[in-house]
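Coordinate inspection notes
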Amino acid sequence: MARNVSEEEITTAMMVGITFKGTKLRKPAEEKVKTKAKKKTYITGLHKSGSAKKKAEIRQRRANRHKNK
């Protein structure tokens, strides 16, 4: 199905050009913490969960592993 186009539209398209507008680019929103594992209280084991405390202890030992040298 072809669209009927006037001579004026064709001339304008050839002289000026055709602009295809895309979607507007969105600014990235502030990075939100989506999982519990990334929250500070969870990482440090402050919210009273046994597994969080254990993981925090493991993370602390890993962080301190090379500090002695």
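These figures come from a predicted structure and were not determined experimentally.

Some words on the overall build of the protein
Along its length, the protein carries three helices and zero strands. Taken from the N to the C terminus, the helices and strands of the protein come in the order α-α-α. Taking all 69 residues of the protein together, the buried fraction comes to 7%. In the structure as shown, the protein presents an accessible area of about 7,600 Å², 56% of it carried by carbon and sulfur atoms.

Structural notes on helix H1 (residues 7-16)
Residue pairs three or four apart in sequence face the same way in an α-helix, which turns once every 3.6 residues. Summarising burial for H1: zero of the ten residues are buried, a small minority. At the C-terminal side of H1, Gly17 shows a positive phi close to 105°.

Notes on the confidence of the model for the protein
Should pLDDT be low for a region, the predicted coordinates there are not to be read in detail. Mean pLDDT over the protein stands at 76; residues scoring 70 or higher make up 62%. Per-element mean pLDDT across the protein ranges from 68 in helix H2 (residues 40-44) up to 88 in H1.

Comments concerning the pattern of salt bridges
All told, the structure shown has one salt bridge when counted by the stated rule. The salt bridge involving Arg61 is made with Glu57; its shortest N-O contact spans 3.2 Å. One end of the pair is Arg61 and the other is Glu57, both in helix H3 (residues 50-64) and four residues apart, which spans about a single turn. We classify Glu57 as partly exposed; its relative accessible area is 40%.

Thoughts on a nonpolar patch on the surface
A cluster of nonpolar side chains, namely Val5, Ile10, Met14, Met15 and Val16, defines an oily patch on the protein surface of about 560 Å² accessible area. Along the chain, Met14 turns up in helix H1.

Basis of the calculations
- The residue numbers shown here count from 1 along each chain, following its written sequence.
- In keeping with the predicted nature of the model, local features appear solely for residues at pLDDT of at least 70, side-chain atom pairs appear and are counted solely at 80 or more, and the whole-chain, interface and lining totals rest on all residues.
- Side-chain metrics rest on all non-hydrogen atoms present in the structure, leaving aside hydrogens and water.
- Strands are runs of DSSP state E lasting at least 2 residues, helices are runs of H or I lasting at least 4, and numbering of each runs from the N terminus.
- Burial classes: relative accessible area under 20% of the type maximum marks a residue as buried, over 50% as exposed, and values in between as partly exposed (1.4 Å probe, protein chains only).
- Only the protein chains shown count as covering a residue, and every accessible area follows the Shrake-Rupley method with a 1.4 Å probe.
- What pLDDT reports is the predictor's confidence in each residue, on a scale of 0 through 100.
- Salt bridges are defined by distance alone: a side-chain nitrogen of Lys or Arg within 4 Å of a carboxyl oxygen of Asp or Glu.
- Patch building starts from residues that exceed 30% relative accessible area and form no salt bridge, then joins like charges within 9 Å and nonpolar side chains (Val, Leu, Ile, Met, Phe, Trp, Tyr) within 5 Å.

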